[in-house]
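# Inside the fold
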Amino acid sequence: MKKFFKRIRLVFKVHKFFPFLIEFFTSRLVPLKRKFISAGLIIGYFLLPFDIIPDFLTLIGVVDDVGVLLIIFQQMIKMAPAELKEKHKLE
């Protein structure tokens, strides 16, 4: 249940996440391996056509997409160095 609430809080921090993403991929503090893993997760999500809930079920179909992206973003935050997390106040 604790992880669920962390993901809900992350939804409200999405506006902070885009600058974090840019710095995550451009920073020398983040090892190249972590950048490749993160990029692979994001690209893989968009390339794989499988959905838990089909998108034609309007609101519900979008909710599962947002949930998967939040899980990916949460993993990227875990992989980020502490300095980057503190700078963007993400954790």
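Below or above, wherever it landed, is the structure these notes cover. Worth saying up front: this structure is predicted, and the values here are computed from it rather than measured. (Residues numbered from 1 in each chain as written. Predicted model: local features only at pLDDT ≥ 70, side-chain atom pairs only at ≥ 80, totals over all residues. Heavy atoms only, no water.)

### Details of the nonpolar core
Going by this rule: Grouping buried Ala, Val, Leu, Ile, Met, Phe, Trp, Tyr and Cys residues that are joined through side-chain atoms within 4.5 Å yields what is termed a nonpolar core. With a 1.4 Å probe rolled over the protein chains alone, any residue whose accessible area is under 20% of its type maximum counts as buried; one over 50% counts as exposed, and the rest are partly exposed. Each helix corresponds to a stretch of at least 4 residues labelled H or I by DSSP, and each strand to a stretch of at least 2 residues labelled E; elements are numbered beginning at the N terminus. Should any heavy atoms of two residues lie within 4.5 Å, those residues are considered in contact.
With 15 residues, the main nonpolar core has Phe-17, Phe-20, Phe-24 and Met-76 as its most contacted residues. Broken down by secondary-structure element, the contributors of at least two residues to this core are helix H2 (14-26), helix H3 (32-47) and helix H4 (58-79). Sorting elements by how many residues they give to this core places H4 first, with 5 residues. Non-local contacts of Met-76, meaning those with residues more than four positions away in its chain, are made with Phe-20, Leu-21, Phe-24, Phe-25, Ser-38 and Ile-42.

### Description of the environment of Gln-75
Take Gln-75: it is sitting in helix H4. As for Gln-75 and Leu-41, which are separated by 34 residues in sequence, their C-alpha atoms are 9.8 Å apart.

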